[in-house]
Amino acid sequence: MQIMSDDTSIGGAQQQFPLTRFSVIEGSRSEHPIERQRALDVLISAYWKPVYKYIRLHWNKDNEPAKDLTQDFFARLIEKRLLDRFDPSKARLRTYLRVCVDGLVMNTDKAAQRQKRGGEIDFSPLDFESAEGELLELPLAGNDSPDDFFAREFARSLFGLAVDRLRKELEDKGKAVHFQLLELYDIEEGGKQLTYDEVARRFGIKPTDVTNYLAYARREFRKIVLEELKAITADEEEFRREAQTLLGVRLA
Amino acid sequence: MRSLNDSALARLQEAVDAPDLEGTRYRLIAKLGQGGMGSVYQVEDRTLARDVALKVINLADGRNEVAARLLQEAQVIARLEHPGIIPVHDAGTLADGRPYYTMKLVQGKSLEDYVRDLDVMSDRLRIFLRICDPVAFAHAHGVLHRDLKPANVMVGLFGEVLVMDWGLSKLLTGGAIGSDAAAKPADPSLPDKCSAPGTDHGSVLGTLGYMSPEQASGGGQLDPRADIYSLGAILEFLLGTAGSGRVPRALSAICEKAMAAERNDRYSSVPDLAADVAHFLDGLPVTAYPESAFAQAWRWITRNRTWLLLLLAYVVTRALLIFFRSR
């Protein structure tokens, strides 16, 4: 599916960031089960952790019921074609999904859900243990609104996906050191304590290459984040607003 | 999936939004601030070995109209060569496709912060007069600022007063910037509205509280009197936060005239407004406040009290001398 937006100007005239080849909104509305499954995969990869954490913390569910509800939510999303009702002019996809989660939890009938779950939808195993580990690191009793909490966890999930994809792509290109430098400086914050000479010695590169490699990795990371986000937003306006939220820029 | 803690997430967000300076002469040092249209970074100009400020639109705002607005801002500032307006050094497009421009890096305080330690009203009024200078200069060259407020005025380390953030400025039709100004009327392709801190795209631009009624309503052609309203609001801010207590009625009247709801009732130009404030500082009558005969006499006495006291002392001394000689 090709929905490359002609009017997308992020990346400028040079089109440094060719944005998306696929949209979950389009895919979820497809008549083809494969397309719908692909849309679900993309959606699950970006949203399952925010949904799980939201159910665990906001709805105060134990981990087993939260796991069930998380899987039920995505199953219902496709089976009941909930995305068909999504109107990007009224809300962001993220907000719509959160409201759907609220509806599911409030109206849940566990037995019926368990029967329905797993029908035509093929779930990849979800790593709930890692989500539980992340929950332990979250500050207790924050003042976040449900939407703010969901937005932050969505950003965390999307950036996590982008980091995974960056590592794979750079390793495939033989640029593993580039990724390791980004990991050192931006994920682990270890680079601040080291001089460029020390970092260069550690990775067996020239000191002048440290900044160049890091800049390259960051550039690729930026491109991936925007591509991932483009895939799970409905239109240019939602993409712009979500990018602003993800990058920490708040609109009134 | 990689687990990211809050600080890692924040660093990655910053890395994504940071300008890609590859291929430029600049090296990123630190982020200085962020507004509705873009962010400002401190960068090192490696060619000239000096630090400058680089403004770039937000990554999510790659839309043509915002990019055009940034370029227009750079062009407006570049043409307005005035000590009260930060000079632009360079403009271009980054490797990530975003337009940018660089300007002099000014270290100092915003007007809001600066006046916290400035309790003397006359000092505040002198600052106000220096805000009026670049605005009057811009008007004379056909440019409206449209977002004048204390946060957009900076006082440098050496006391220089600078009017910042011309991102919402508007070139008036027929404006006379530079020698070829007549050939450069307002660009009709540019939107009349764009984002500002606290506003979304397509909504009314500016900042509530400092915006004239005609600007807030979003209708009608704006003229310099819209900026005069904002200057009146800045004057009101300066007077309202002064620690000297009651505001003289003449100054209140100047504020009221500058901020009149009907723009025909305002000062017709920034120099007229500045002249009234300067007259107040010199103890002269102001046009905004017609005085009674008693008030005029009292102001005259107040203004000339030193001479009057000397005269009084002379008269009393003479009287005493005459008195004692006559005995």
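Residues numbered from 1 in each chain as written. Chains lettered and ligands numbered in written order. Predicted model: local features only at pLDDT ≥ 70, side-chain atom pairs only at ≥ 80, totals over all residues. Heavy atoms only, no water.

1. Re the sheet that holds strand β9 (residues 161-163) of chain B
Residues and elements named next belong to chain B. Taken in spatial order, the three strands make up an open sheet running β6-β8-β9, and their pairing is antiparallel. The open sheet has two free edges, formed respectively by β6 (108-110) and β9, since each of these has just one partner strand. Strand-to-strand, the axes of this sheet are offset by a mean angle of 25°, without reference to chain direction. Here three bridges tie strand β8 (residues 153-156) to β9, and the two strands are oriented antiparallel to one another. In the strand pairing of β9, Val153 is matched with Val163. Against the sheet, helix α4 (residues 121-140) contacts β8 and β9, and its axis sits at roughly 40° relative to β9. (Pairing = 2+ DSSP bridges. Helix = DSSP H or I, 4+ residues; strand = E, 2+ residues; numbered from the N terminus. Axes fitted to C-alpha atoms, helices over the stretch in contact; angles between N-to-C directions. Contact = heavy atoms within 4.5 Å.)

2. Digging into the pattern of salt bridges
Residues and elements named next belong to chain A. One pass over the full model with this rule turns up 35 salt bridges over all chains. One salt bridge in this structure joins Glu64 and Lys67, with 3.2 Å as the shortest N-O distance. Residue Glu64 and its partner Lys67 are located together in helix α3 (residues 63-79), separated by three residues, close to a single helical turn. A residue is classified by how much of its surface remains accessible, and Glu64, at 44% relative accessible area, is partly exposed. Note that Arg81 and Asp84 form a salt bridge whose closest N and O atoms lie 3.0 Å from each other. Beyond isolated ion pairs, a larger network of salt bridges with shared partners links Arg92, Arg94, Arg98, Asp102, Asp147 and Glu242. (Salt bridge = Lys/Arg side-chain N within 4 Å of Asp/Glu carboxyl O. Buried < 20%, exposed > 50% of the residue type's maximum accessible area, 1.4 Å probe, protein only.)

3. Some details on the pairing of strand β4 (residues 88-93) of chain B
All names here are of chain B. Where β4 and strand β5 (residues 99-104) come together, five bridges link them in antiparallel fashion. Each residue of the ladder has a partner; that of Gly92, found in β5, is Tyr100. If you look at the hairpin formed by β4 and β5, you'll find five residues sitting between the two strands, and Gly97 has a positive phi there, around 90°.

4. A few points about helix α6 (residues 224-240) of chain B
If you check α6(B), its first and last C-alpha atoms are 24 Å apart, about what 17 residues at 1.5 Å a residue would give, namely 24 Å. In terms of burial, α6(B) is a largely internal element, 14 of the 17 residues being buried. (Expected span 1.5 Å × (residues − 1).)

5. A short note on the side chain of Gln42(B)
Residue and element names in this part refer to chain B. Here Gln42 is to be found in strand β2 (residues 38-45). A relative accessible area of 16% places Gln42 in the buried class. Setting aside chain neighbours within four positions, we find Gln42 in contact with Arg27, Leu28, Ile29, Ala30, Leu32, Asp51, Val52 and Leu105.

6. Considering the nonpolar core
Core analysis: the biggest nonpolar cluster contains 74 residues, and Tyr47(A), Phe73(A), Phe74(A), Leu97(A), Phe159(A) and Phe221(A) have the highest contact counts within it. Leave out the neighbours within four places in its chain, and Leu97(A) touches Leu43(A), Tyr47(A), Phe73(A), Leu77(A) and Leu83(A). Of all hydrophobic cores here, the second largest spans 63 residues; its members include Ala74(B), Ile85(B), Val135(B) and Leu162(B). (Core = buried A, V, L, I, M, F, W, Y, C linked by side-chain atoms within 4.5 Å.)

7. Description of helix α2 (residues 64-79) of chain B
Taking 1.5 Å per residue as the helical rise, α2(B) with its 16 residues ought to reach 22 Å, and the 22 Å between its terminal C-alpha atoms agrees with that figure. For α2(B), the secondary structure elements touched by its buried residues are β3 (50-57), β4, β5, β7 (143-144) and β10 (170-171) of chain B.

8. Things to note about the confidence of the model for chain B
Residue and element names in this part refer to chain B. The pLDDT averaged across chain B works out to 84; a share of 87% of its residues lies at or above 70. Here residues 175-203 scores under 50 on pLDDT; set against residues more than four positions off or in separate chains, the count is 60 contacts. Here the predicted complex carries an ipTM of 0.74, next to a pTM of 0.68. (pLDDT = per-residue confidence, 0-100.)

9. Focus: the packing of helix α8 (residues 176-187) of chain A against helix α10 (residues 207-231) of chain A
Any two packed helices are characterised by the angle at which their axes cross and by the distance between the axes. Residue and element names in this part refer to chain A. Where α8 meets α10, the closest approach of the two axes is 8 Å, and the angle between their N-to-C directions is 85°. When the interaxial angle is binned, α8 and α10 end up roughly perpendicular. Side by side, α8 and α10 meet where Val177, His178, Leu181, Leu182, Tyr185 and Asp186 of the first sit next to Val210, Tyr213, Leu214, Tyr216, Ala217, Arg218 and Phe221 of the second. (Parallel < 35°, antiparallel > 145°, perpendicular 65-115°, else oblique.)

10. So, the packing of aromatic side chains
Enumeration according to the criterion identifies nine aromatic pairs over all chains in this entry. When the centroid spacing of 6.2 Å and the interplanar angle of 20° are considered together, the rings of Tyr47(A) and Phe150(A) count as stacked. Of this pair, Tyr47(A) sits in helix α2 (residues 33-57) while Phe150(A) sits in helix α7 (residues 146-172), and the two are 103 residues apart along the sequence. Judged by its relative accessible area of 0%, Tyr47(A) is buried. With relative accessibility at 0%, the residue Phe150(A) sits in the buried group. Where Phe86(A) meets Tyr96(A), the ring centres are 5.4 Å apart and the plane angle is 50°; that geometry is what we call tilted. A residue pair is termed long-range when its members are at least 10 positions apart, and Phe86(A) in the loop between α3 and α4 (93-106) and Tyr96(A) in helix α4 qualify at 10 residues. Taken as a pair, Phe86(A) and Tyr96(A) share a single burial class, namely buried. Members of the aromatic cluster, each reached through a chain of ring pairs, are Tyr47(A), Tyr54(A), Phe149(A), Phe150(A) and Phe154(A). For the cation-ring pair, Lys175(A) lies above Tyr216(A), with the distance from its terminal atom to the ring centre recorded as 5.1 Å. The residue whose ring lies beneath Lys257(B) is Tyr267(B), and the NZ or CZ to ring-centre distance is 4.6 Å. (Phe/Tyr/Trp six-rings, centres within 6.5 Å; stacked < 30°, edge-to-face > 60°. Lys NZ or Arg CZ within 6 Å of the ring centre and 35° of its normal.)

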